[in-house]
Amino acid sequence: DDDNENSAKNTSDEPTDVARTSLTRTELSRRFASMREIRSSDDLQQVEVRVNNYSYHVPIRVDAPSIKTVINQSPCYVATNFMQNVGELITGKRKVGDTLGHYEDKWILKDINLVLKPGKTYLVMGPPSCGKTSLLKAVAGMLKPSGEGGKIEYNGISKKDEPDMVLQNIVSYVGQLDSHAAFLTVQETFDFAANCRIGTATTSKDSGGNENDLSENLTIDGLDLAVCRDTYVGDANNRGVSGGQRRRVTVGEMMVGQNPVACADEISTGLDAAVTYDISSSIVTFAKAAGTTRLVSLLQPGPETFSLFDEVILLAEGRLIYTGPIDEVVDYFASLGYKQPNTMDVADFLQSVATPDGATMFHADESPMDEHYSASSFAEAFQKSTRHDTILTELSSPTGGRWSNKQLDSIDEENPDGDDQNISNAIPEEIKDQYKNSFFTSTKLIVKRNLTLLKRNREFLIGKTIENFGMGIGMALIFLQSAAFPSGVNQSDKVAEWFSLGCPEDGFTDDVSIAYDKLLAGTYSSIFLGCFHILLGTLTGTPDEVDQRSIYYKHADARFFQAGAFLLGGQISQLPLLFMEIVAFGLPFYFIAGLAYEAKAFFIYLAILIAYKFALKMLYGVLVQTLPKKANVQGVGTFLYLLLTLTSGFIVYPVAIPGYWKWLFYANPMAWAMQGMASNQFFSSKYSGYVCERISLGELALEIPRGWESGGSVWIGYTFAFLVPYIFVFGLVTWLALKHIRIEPDRQHVKKEVNIGAKKEKTEEINVPFVPVDLSFDKLTYEVTASTSKEQLRLLNEVSGVFKAGRMCALMGSSGAGKTTLMDVIAMRKTSGTITGKIELNGHEQERTSFLRS
């Protein structure tokens, strides 16, 4: 998305390249030296990574339906399939372990041997589903240990050797997706990352410098983000920086703090070749200046990007088929009989060599093999090469500057000066830190961040306030003063009069009976409708929280903060919004419906609603963290909504609920909220003094005919005694889900064999008559308001042009130049900002209705 604010600077008369100022490697080296002086210990030290005979496998169910449908994902299908498996188990056709399905191990990575040296950059390549992402996650320590074989060492120490070693302090991982808080600026995104990854108290008393500021500025300047540092990051629905700049933010966020090793997965996703080159160049420059190790996976890099890297790692079907210098890779495959075509660059050649298309580049007369190599044949050939022998030799030799998980209490008498190749240093304590901040500090950072996001989402806040205030008035008007007592509107004054006369039997007329029923109906309906509104609002707002899950996963996996701090900070920061919603709804609703006009009763009413809202958010929060998709959250949430409503005690009275379903009533937060509010109403001062034969009107209204508890206002306390532990219990469940569950997004199915050279079947051509249109635009200008100020930014500056019918036009420009903005303006997709200029179609001025219809 090129709809960004800083593009105003790129649409001036000056060339874009002049405006951009990349840091030189010398300047980067100087800044890294400054960071080392500030740090109390040199945790920017170089780390050598050794991957020794590493393999990784996952269990795959082979008898599962290849395509998911409504039928084969339904509970009935699952139950039927299970019964069939049990039948096959009885007849001996199926093993006991395969009752729930037959699983087989699928090798994602197989026999990988690598030595990754500091100061070098490695390009990881291969066709889709070859294991690139898995290799990067393996180096970053993000794969499940149960499926791993072999070992990965960092300066001679593996995770198995030193369980206290936190790999996130050594390796950064940059994912494929751009998951960010849309209403944070680039600077604020980096501030939060620096405070979490480096710590909030990292300052130097001697030099007066601040490591956080140095690291942030180093990353922002190195990635050419200084021009948009005060612009919102944005997303698909909110205006912000361009797509290329957002990708830089994704890379830079994980680079803050400058871990010795970094793995960047598919950083070119959705970007053009020029932006990919810029980002890759920045990463390489960083690595050379700091002496760090960088692994970058790219699907199809351009030749300029390919030449930036020191070595290439080529995978095919999870096997290593080459690793070594990029200038030797073509000669290596030539020795196997594969020649690079003159019309294909090196990257495309490597991408295709292990696919069926590689057969077109294979020359049997110059190869040890008679036919095109398979992935396993490629792997075997490389294992026999001298390059692989060199790797094995390095793996068996000591690591320079290696770490040791044992303290060195004595010095070798025979070699007191030490041998550089065999010196063992203690593992730095910084690498053992689980988190850089305390629980309290992490919670404070999250609260501050969330409150900033909440404050900036003004449309949401205004909309929620109007929605709740309007619903409170509208719903209360349905029961206008129907809960008032005593009142002539609902004739409850007749009930008061009957009680004041001593409750004579002959005085309980039909009018008194009807008035009593009206009073109870109005009161309980008002209480129920308030609870129902809050339940419905929680249900409708829960699915949107699924979108924020990827941001949490990224930060939590990088050890930004503790799961408990995220949960607690998120709930604390929601208090202003929750309080605003409850007051906006409860204030008009309470008094218009006619509930007890008493300050104490009113504030207890609001407190119960707040506790009830919190309990529902915790209950539905479990769904957000445990269910894979929005549709699942919506479906299960709707079921809970119906269940809570039916067992709340309003539709079916508590006295009428069967004994075997009674536990649902007592476990229902809605039922407890209604019990507390009913007790608050009927034991308020408005009902005091109305007693007949040792039973008060409040007790009578609770007991008959519905069967609520009538033990007095003590049940208000019991309501809080239930809701507060309920919040903590489901908060604990949510915390466990945050800590242990990771739901990966569905990946698109990729065919294993794609033959580019295959002939396509001829299709019948159909000519649809239409009128050719020449589109012209003259002096188009588009202005918007800046993210954090009222400054007007011009994203398009008097742009003119003509698109002729029957011709293809390539719209080009650097990241942030305004390409997407121009197309959105022409397509009339902009709903904000100011557009001036003229757009014509075949000489006629553009008209919205006919243009969108065409």
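Here the structure is shown first, and the text comes after it.
Residues numbered from 1 in each chain as written. Predicted model: local features only at pLDDT ≥ 70, side-chain atom pairs only at ≥ 80, totals over all residues. Heavy atoms only, no water.

## Remarks on the overall build of the protein
Along its length, the protein carries 29 helices and 18 strands. In the protein, once contacts between residues fewer than 6 apart in sequence are set aside, the share between residues at least 24 apart is 76%. For the protein, the exposed surface amounts to about 42700 Å²; the carbon and sulfur share of it is 55%. (Helix = DSSP H or I, 4+ residues; strand = E, 2+ residues; numbered from the N terminus. Contact = heavy atoms within 4.5 Å. Areas by Shrake-Rupley, 256 points an atom, 1.4 Å probe, with all protein chains shown as cover.)

## Brief notes about the pattern of salt bridges
If you walk through the whole model with that rule in mind, you get 21 salt bridges. Salt-bridge contacts for Lys339 lead to Glu366; the nearest nitrogen and oxygen are separated by 2.9 Å. Here Glu366 lies in the loop between helix H12 (346-353) and helix H13 (375-383) and Lys339 lies in the loop between helix H11 (329-335) and H12, a separation of 27 residues in the sequence. A relative accessible area of 40% places Lys339 in the partly exposed class. The residue Lys464 makes a salt bridge to Glu467 at a minimum N-O spacing of 3.9 Å. (Salt bridge = Lys/Arg side-chain N within 4 Å of Asp/Glu carboxyl O. Buried < 20%, exposed > 50% of the residue type's maximum accessible area, 1.4 Å probe, protein only.)

## Re empty space enclosed by the protein
The tally for this structure, following the rule as stated, stands at 3 cavities of 30 Å³ or more. Here the largest cavity defines a volume of roughly 60 Å³. Mapped by element, the contributors of at least two residues to the lining of the largest cavity are helix H6 (186-197) and helix H19 (549-557). Of all the elements, H19 adds the most residues to the lining of the largest cavity, at 3 residues. Taken as a whole, the second largest cavity holds about 50 Å³ of empty space. Looking at the second largest cavity, the residues that line it are Thr219, Leu223, Val251, Met255, Gln258, Ser282, Ile283, Phe286 and Arg294. Looking at the lining of the second largest cavity, the elements with two or more residues in it are helix H8 (243-255) and helix H9 (273-290). In terms of residues, the lining of the second largest cavity owes the most to one element, H9, which gives 3 residues. Among the residues making up the lining of the second largest cavity, the classes are represented as 5 nonpolar, 3 polar and 1 charged. (1 Å grid on protein atoms, 1.4 Å probe; cavity = no way out; pocket = protein on both sides within 12 Å on 5 of 7 lines; lining within 4 Å. Points joined across faces, edges and corners; volume = space filled by probe spheres on them. Nonpolar A, V, L, I, M, F, W, Y, C, P; charged D, E, K, R; others polar.)

## Thoughts on the packing of helix H22 (residues 599-626) against helix H25 (residues 669-682)
Two numbers describe how H22 lies on H25: the axes approach to 10 Å, and their chain directions differ by 175 degrees. In terms of orientation, H22 lies roughly antiparallel with respect to H25. Between H22 and H25, the residues in contact are Ala601, Ile604, Tyr605, Ile608, Leu609, Tyr612, Ala615 and Leu616 and Pro669, Met670, Ala673, Gly676, Met677 and Asn680, respectively. Residue composition of the contact of H22 with H25, grouped by class: 12 nonpolar, 2 polar and no charged. (Axes fitted to C-alpha atoms, helices over the stretch in contact; angles between N-to-C directions. Parallel < 35°, antiparallel > 145°, perpendicular 65-115°, else oblique.)

## Quick notes on the state of the cysteines
Summed over all chains, the structure comprises 1 disulfide. Disulfide partner of Cys503: Cys692, at an S-S distance of 2.2 Å. Pair noted here: Cys503 is in the loop between helix H17 (492-500) and helix H18 (510-541) and Cys692 is in strand S13 (residues 691-692), with a separation of 189 residues, a long-range link. Accessibility assignment for this pair places Cys503 and Cys692 in one class, buried. (Disulfide = S-S within 2.5 Å.)

## A short note on the pairing of strand S17 (residues 834-841)
Two elements, strand S15 (residues 775-785) and S17, share 7 bridges in a ladder whose sense is antiparallel. Following the sheet pairing, Ser776 is matched in S17 by Glu840. Here S17 pairs with strand S18 (residues 844-845) via 2 bridges, running antiparallel. Each residue of the ladder has a partner; that of Glu840, found in S18, is Glu845. Turn length for the S17-S18 hairpin, with the two strands adjacent in sequence and antiparallel, is 2 residues, and the turn residue Asn842 shows positive phi of about 55 degrees. (Pairing = 2+ DSSP bridges.)

## Brief notes about the layout of surface pockets
In this model, the second largest pocket occupies a volume close to 980 Å³. At the level of elements, helix H15 (439-456), helix H16 (458-478), S15 and helix H28 (819-826) are the ones that each hand at least two residues to the lining of the second largest pocket.

## What about the environment of Ile514?
By the secondary structure assignment, Ile514 is in helix H18. Taking C-alpha positions, Ile514 is 9.7 Å from Asn490, a pair spaced 24 residues apart along the chain.

## Re the packing of H6 against H15
Direction vectors running N to C along H6 and H15 enclose 165 degrees, while the axes themselves pass 11 Å from each other. Considering their axes alone, H6 and H15 lie roughly antiparallel with respect to each other. For the pair H6 and H15, the crossing hand works out as left-handed. Residues Glu188, Phe192, Asn195 and Cys196 of H6 touch H15, and the partners they reach there are Leu445, Ile446, Arg449, Thr452 and Arg456. Looking at the contact of H6 with H15 residue by residue, the class counts come to 4 nonpolar, 2 polar and 3 charged. (Left-handed = near helix turned anticlockwise from the far one by under 90°.)

## Considering the sheet that holds S17
The strand order across the open sheet built from 4 strands is S16-S15-S17-S18, with neighbouring strands paired in antiparallel fashion. The open sheet has two free edges, formed respectively by strand S16 (792-803) and S18, since each of these has just one partner strand.

## Looking at the nonpolar core
Ranked by size, the top nonpolar core spans 185 residues in total, and within it Tyr154, Ile170 and Phe333 carry the most contacts. A per-element tally of this core places H22 first, with 17 residues. Among residues more than four places away in sequence, those in contact with Phe333 are Leu314, Ile321, Tyr322, Tyr338, Phe349, Leu350, Val353 and Phe378. Ranked by size, the runner-up nonpolar core spans 13 residues in total, among them Leu793, Leu795, Leu796 and Ile839. (Core = buried A, V, L, I, M, F, W, Y, C linked by side-chain atoms within 4.5 Å.)

## Some words on the environment of Asp221
Relative to the helices and strands, Asp221 resides in helix H7 (residues 211-222). Its relative accessible area of 16% is what places Asp221 among the buried residues. Separated by 61 residues in the primary sequence, Asp221 and Ser282 have C-alpha atoms spaced 9.7 Å apart.

## Points about a nonpolar patch on the surface
There is a patch of nonpolar side chains on the surface, built from Phe439, Leu568, Ile572 and Leu575 and spanning about 320 Å² of accessible area. With respect to the helices and strands, Leu568 occurs in helix H20 (residues 563-573). (Patch = residues over 30% accessible without salt bridge, like charges linked within 9 Å, V, L, I, M, F, W, Y side chains within 5 Å.)

## Considering the packing of aromatic side chains
Evaluation of the coordinates by the stated rule reveals 45 aromatic pairs. Within the aromatic cluster, the residues linked to one another by ring pairs are Tyr322, Tyr332, Phe333, Tyr338, Phe349, Phe362, Tyr373, Phe378 and Phe382. Taking NZ or CZ as reference, Lys110 lies 4.0 Å from the ring centre of Trp107, over its face. (Phe/Tyr/Trp six-rings, centres within 6.5 Å; stacked < 30°, edge-to-face > 60°. Lys NZ or Arg CZ within 6 Å of the ring centre and 35° of its normal.)

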